[in-house]
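Breakdown of the fold
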Amino acid sequence: MSRPLDRRSFLQTSGVSAAALALAGPPGTATAATPATPTAPATPAASELGAAAEDFASLRATWRTLLLGTGVTPTRAPFAAKLAAIGDTASRYADTLSPADGSLWPDAVWADPDPDTDSESYAFSGAIQTSYQRLYAMAEAWSQPGTGVTADPALAAAVVTGLDHMYARIYNERQTRYGNWYSWQIGAPQPLLDTAVLLYDRLSAEQIARYCAAVDAFVPDSSVASYSGTSTGANRIDLCRVLAVRGILGENAAKVALASSAMSPVFPYVTAGDGLYADGSIIQHTYVPYTGSYGAVLIDGLSRLLALLSGSPWEVTDAGKQVVLDAVEAAYAPFLHNGLAMDGVAGRAVSRGLPPGAAAGQNDDHTRGHAIMASIVALGQAAGPAENARWRALVKGWIQRASYRSPVTDPQLSVAKLALLNEVLDDDSVTAAAQPRDSRIFPAMDRAVHRRTGWVASVSMASKRIAYYENGNGENLHGWHTGSGMLYWWGEDFADDQYSDRFWATVDPYRMPGTTVSGKKLADGEGGAWGAARPDVDFVGGAGDGVYSALGQHLKGLSSTLEARKSWFLLEDAVICLGSGITASDGAPVETIVENRHLGADGRNTLTVDGRPLPTALPWSGSLPRARWAHIAGHGGYVFPERPTLRALREERTGAWHDINSMTGLPDRFGSRYATLWLDHGTAPKDAGYAYVLLPGASAAATARRSASLGRWLRACVRTAGVHGVRVPSLGVTGANFWSPGRFEQVSADAPVSVVVRERRDGTAVVCVADPTRLHDEVTVTWHRPVRSVLSRPVTVTGAGTGRVLRLTFSGLSATGGVTQRTVVRPA
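Residues numbered from 1 in each chain as written. Predicted model: local features only at pLDDT ≥ 70, side-chain atom pairs only at ≥ 80, totals over all residues. Heavy atoms only, no water.

1. A short note on the overall build of the protein chain
Secondary structure summary: the protein chain contains 18 helices and 35 strands in total. Overall, the protein chain is about 80 × 60 × 55 Å in size when its C-alpha atoms are taken along their principal axes. Expressed as a percentage of the 828 residues in the protein chain, the buried residues total 62%. Taking the contacts inside the protein chain whose residues are at least 6 apart along the sequence as the reference set, 71% of them involve residues at least 24 apart. (Helix = DSSP H or I, 4+ residues; strand = E, 2+ residues; numbered from the N terminus. Buried < 20%, exposed > 50% of the residue type's maximum accessible area, 1.4 Å probe, protein only. Contact = heavy atoms within 4.5 Å.)

2. Describing helix α10 (residues 294–309)
Note on helix geometry: an α-helix contains 3.6 residues per turn, so any two residues three or four positions apart are oriented the same way. Given a rise of 1.5 Å per residue, 16 residues ought to cover 22 Å, and the 23 Å separating the end C-alpha atoms of α10 matches this to within 8%. Taken across its 16 residues, α10 has 16 buried, putting it largely inside the fold. Looking one or two places after α10, you find G311, whose phi comes out positive at around 80 degrees. (Expected span 1.5 Å × (residues − 1).)

3. Regarding the packing of helix α1 (residues 53–68) against helix α6 (residues 189–198)
Between α1 and α6, the shortest axis-to-axis distance is 10 Å and the interhelical angle comes to 110 degrees. By the criterion of interaxial angle, the relationship of α1 to α6 is roughly perpendicular. Of the two elements, α1 crosses α6, and the hand of that crossing is left-handed. Within the contact between the two elements, α1 uses R60, W63, R64, L67 and L68 and α6 uses D194, V197 and L198. Along the lines of polarity and charge, the residues of the contact of α1 with α6 split into five nonpolar, no polar and three charged. (Axes fitted to C-alpha atoms, helices over the stretch in contact; angles between N-to-C directions. Parallel < 35°, antiparallel > 145°, perpendicular 65-115°, else oblique. Left-handed = near helix turned anticlockwise from the far one by under 90°. Nonpolar A, V, L, I, M, F, W, Y, C, P; charged D, E, K, R; others polar.)

4. Overview of α1
Counted at 1.5 Å a residue, the expected span for α1 with its 16 residues is 22 Å, and the 23 Å between its end C-alpha atoms agrees. Within α1 the residues assigned to the buried category are F56, L59, R60, W63, L67 and L68. The arc enclosing the buried residues of α1, seen along the axis, measures out at 160 degrees, which places them on a common side. Contacts from the buried residues of α1 go to α3 (119–143), α6, α8 (233–250), α9 (253–262), α10 and α14 (415–426). Remark: G69 follows α1 within two positions and exhibits a positive phi of approximately 90 degrees. (Arc of directions from axis to C-beta.)

5. Things to note about the pairing of strand β19 (residues 629–632)
By the alternation rule, side chains of β19 split into W629 and H631 and A630 and I632, which are all buried. Where strand β16 (residues 607–609) meets β19, three bridges bridge the pair, whose relative direction is antiparallel. Across the sheet, T608 pairs through a bridge with H631, a residue of β19. Alignment of β19 against strand β20 (residues 636–639), held across four bridges, turns out to be antiparallel. (Pairing = 2+ DSSP bridges.)

6. Some thoughts on the sheet that holds strand β2 (residues 282–284)
Pairing in this open sheet of three strands is antiparallel, and the strands run β1-β2-β3 from one edge to the other. Looking at strand neighbours, the two that pair on one side only are β1 (275–276) and β3 (288–289), the edges of this open sheet.

7. Quick word on the sheet that holds strand β8 (residues 455–460)
What holds strands together in a sheet is hydrogen bonding between their backbones, with the strands either parallel or antiparallel. Taken together, the four strands give an open sheet; going across it, the order is β6-β7-β8-β9, and neighbouring strands pair in antiparallel fashion. Single-partner strands in this sheet number two, and they are β6 (438–442) and β9 (486–491). Strand-to-strand, the axes of this sheet are offset by a mean angle of 10 degrees, without reference to chain direction.

8. Quick notes on empty space enclosed by the protein
The full count for this structure, using the stated rule, is seven cavities of 30 Å³ or more. Lining the largest cavity are 17 residues, with G344, G347, R447, Y469 and T482 positioned closest to its centre. (1 Å grid on protein atoms, 1.4 Å probe; cavity = no way out; pocket = protein on both sides within 12 Å on 5 of 7 lines; lining within 4 Å. Points joined across faces, edges and corners; volume = space filled by probe spheres on them.)

9. Things to note about unusual backbone geometry
Across the junction of A77 and P78, the peptide omega takes the value 0 degrees, indicating a cis bond. Summarising the element assignment, P78 is placed in the loop between α1 and α2 (79–96). Positive phi values are uncommon outside glycine, yet E251 reaches one of about 55 degrees. For E251, the location among the structural elements is in the loop between α8 and α9. Its identity is not glycine, yet D446 carries a phi of approximately 55 degrees, on the positive side. Residue placement: D446 occurs in the loop between β6 and β7 (447–451). The class for D446 is buried, based on a relative accessible area of 1%.

10. Points about the packing of aromatic side chains
Following the criterion strictly, the structure yields 20 aromatic pairs and no others. Ring geometry for Y499 against F503: centres 5.1 Å apart, planes inclined by 85 degrees, an arrangement best described as edge-to-face. Note on accessibility: Y499 and F503 belong to one class, buried. Chaining the aromatic ring pairs together yields one cluster made of Y488, W490, Y499, F503, W504 and Y674. A cation over a ring is seen here: R511 above W678, with NZ or CZ 3.9 Å from the ring centre. The residue whose ring lies beneath R565 is W739, and the NZ or CZ to ring-centre distance is 5.7 Å. (Phe/Tyr/Trp six-rings, centres within 6.5 Å; stacked < 30°, edge-to-face > 60°. Lys NZ or Arg CZ within 6 Å of the ring centre and 35° of its normal.)

11. Overview of the pattern of salt bridges
In this structure the tally under the stated criterion is 39 salt bridges. For R719, the salt bridge is made with E642, and the minimal N-O distance between the two is 2.8 Å. Note that R719 is positioned in strand β24 (residues 716–719) and E642 in the loop between β20 and β21 (646–655), a separation of 77 residues in sequence. Owing to a relative accessible area of 25%, R719 belongs among the partly exposed residues under this scheme. (Salt bridge = Lys/Arg side-chain N within 4 Å of Asp/Glu carboxyl O.)

12. What about the nonpolar core?
Within the largest apolar cluster, 123 residues are counted, with the highest numbers of intra-cluster contacts made by I128 and Y171. The contact partners of Y171, leaving out residues within four places of it in the chain, are I128, Y132, M166, W184, A188, P189, L192, A214, V215 and F218. Of all hydrophobic cores here, the second largest spans 44 residues; its members include W455, A495, L562 and W620. (Core = buried A, V, L, I, M, F, W, Y, C linked by side-chain atoms within 4.5 Å.)

13. As for the side chain of E387
Along the polypeptide, E387 turns up in helix α13 (residues 385–401). Excluding residues that lie within four positions of it along the chain, E387 makes contacts with Q322, L325 and D326.

14. Overview of the environment of T516
Note that T516 resides in strand β10 (residues 516–518). Distance from T516 to L555, taken between C-alpha atoms, is 8.4 Å for residues 39 residues apart in sequence. Setting aside residues up to four positions removed in sequence, T516 forms contacts with S484, L555, L562, K566, I582, V590, E591, T592 and Y690. At 2.9 Å, the side chain of T516 and the side chain of K566 are in polar contact. (Polar contact = N/O pair within 3.5 Å; in protein donor to acceptor, adjacent residues only side chain to side chain.)

15. Quick look at the packing of α3 against helix α4 (residues 153–169)
Running from N to C, α3 and α4 cross one another at 155 degrees; their axes reach a closest spacing of 9 Å. With respect to each other, α3 and α4 are oriented roughly antiparallel. Handedness of the crossing formed by α3 with α4: left-handed. Every residue of α4 that contacts α3 at I128, S131, Y132, L135, M138, A139, A141 and W142 is listed here: P153, L155, A156, A158, V159, G162, L163, M166 and Y167.

16. With respect to the side chain of E595
Residue placement: E595 occurs in strand β15 (residues 590–600). No salt bridge is formed by the buried E595. Its closest oppositely charged neighbour is R597, at 4.1 Å. Among the polar contacts made by the side chain of E595, one reaches the side chain of W489 at a distance of 2.9 Å. Among residues more than four places away in sequence, those in contact with E595 are W489, P513, I632, Y638, A675, T676, L677 and L694. (Lys, Arg positive; Asp, Glu negative; His and termini not counted.)

17. A few points about the pairing of strand β11 (residues 540–544)
The element β11 is extensively covered by neighbouring structure, given that five of its five residues are classed as buried. The side-chain alternation of β11 yields two buried faces, one formed by V540, G542 and G544 and the other by G541 and A543. Connecting β11 to the next strand, strand β12 (residues 549–556), in antiparallel fashion are four residues, including G546 with a positive phi near 90 degrees.

18. Describing the state of the cysteines
What makes a disulfide is a covalent bond joining the sulfur atoms belonging to two cysteines. Here the structure, examined in full by the defined rule, presents zero disulfides. Of all cysteine sulfurs, the one in C240 lies closest to C212, which takes part in no disulfide; the gap is 17 Å. (Disulfide = S-S within 2.5 Å.)

What follows is the structure in structure tokens.
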């Protein structure tokens, strides 16, 4: 039979929030069957744990509020439309409810004729999850005001009928598990328990006891006994949510206590595998950056559980939860821009789109970002006053700068999340935080984010530690080259939809912007699922002082002979991109993609090269020898120091989400337009290279001026086999990636490292050094410049000689995880 599929793949589009579309671990890590009627663990009575009936009633009321939201005015936008839609959905589900032996709805059959763990069984087990989600949608419509079916007794009766049918026919303590582990342990019990909480007063003690017994069978205490397998990270928090809500529903104090304590393994920083890293990285599936997808589930679950248990006998008192609170600004905020969560940390979730005009709206970077923003507001309730104030200011800034789709009206969000965001927007005491100006490297996940006032950029790389991309469940089948140096960028008030809407379904996957790739044709899911494909390279990462950064990537192509060295120097108004050693023997074209700009369904943005506007007809392509500069109207400019032959293409591409997501992607085809610029290295390049400068948001005139004065601005630019380096005197910056020991301008190193030196206006200089390879323990970096004194240095600097030159000797550099080591000095 076919390979098993992963979790959450069969969520129905209608009525399901983006947060519900997050991911889980690969299959095969949990047992395939549940023992029949396990013996209930001996648990202390509520009174033994300091709990009383009032505590459980209070917690049920709190959870109900967390599910439904507060401050909702049913007649006010956006709530009126959202509540009406909830009512319409519930009525549709009630009208089509048709209990049968193997289903509750005819289009959600769970009866599996051959139950095991193959893809067909995953589909059947997914129908159990779908059925409970529909029952929850009906219960929410009954509970929320203004839905048109609020407090409708017939609707409530239909929900109870459904719950009892599910218990009697499939989800009970006598059932053997099949298909997807997630459906049984998280996907089904979460909406089951939430529905029971909303309808608590309509259920008998016997009904509640039966539902709890079913949950206990599939989510026993042992599911959180070991922090391993499918019980880590976001999955662990999901399991704790099941245990906690089951505990408050059935008034089992031990279950709530276990949920509270079982969160603790999620809190500490990790140095390998899944979890939060001290540098702000978030990893799931061992090798995949997942801040924007798994991370979204993690912060959503934690924010709810911490709020639920706050002030109760089971309040989370583990001091380690501060790590999670710190992650708001260290891990999440850097990857949020004007409301969107960057796709470079969303894993295979980028393939979960809907055709333009679909009634349910889009599941894209904005929907994911909006959900994270709401979770940040909710988490603020468990934070200190200063933290909460800062976070609310961040969220208000993202809301006000959102130019593509407003977070406070997003129909994909739940009423509760909309209420959280609207409350912040309406709070006159909150002053919106401005767009930050910083540059951050996340070495544990081979990512970087560079934020300026007018634009934001992010780079995605891959190494032995981090996968090229992730596919699985038939999702993200063409993400092959997204870790080959993809350079994402957005403007302050433009291009926020650059990777939204139609992008992933229509873009040429062999021409991702910023990448150097072989045109060798790859199979769907090439390299293996769940982050299996990783290049055998070490030098991936960089150094920076928090304002400017130098990144380097030793690139080996996925399933090809391609090899290259790539660098990005992230500066004030520009990104300098260098490449060398580009070699391949696949017999396929090798290209460096300067840009592949998404212009939208009707885009006709003018493409200008060296002052000459190029045709806007579709399709059009051209070869432009000795190009000095190029410009795409409404986006930005590109300068070419070496005057290469620039290739350009204007085209309309068609695609369908099913092309890249065979499991849930719809086959409806649609089109979108692109302007693509690239450098052709031929079919058998040997030591080829490139150099170009990206100027986000620059006008055509500004791009032409930078080209004309490039030699004055960029005083030195080298891209050899041994070093990539730039020097920009107006910024006081010298940056270099030493692929091997060597010297660039006034900086030398005796081992492969990244170095950034910035001379500051206050008369000091900061020398930044990182070992992206994590292989070199003893390293010496020399700044060939007279230095009077060392003002501060990290513990890794064991020797700092001053005088005619600054000589820094590092010890233990390999153990720093690629994190930049900063030394501040006063030049003579």
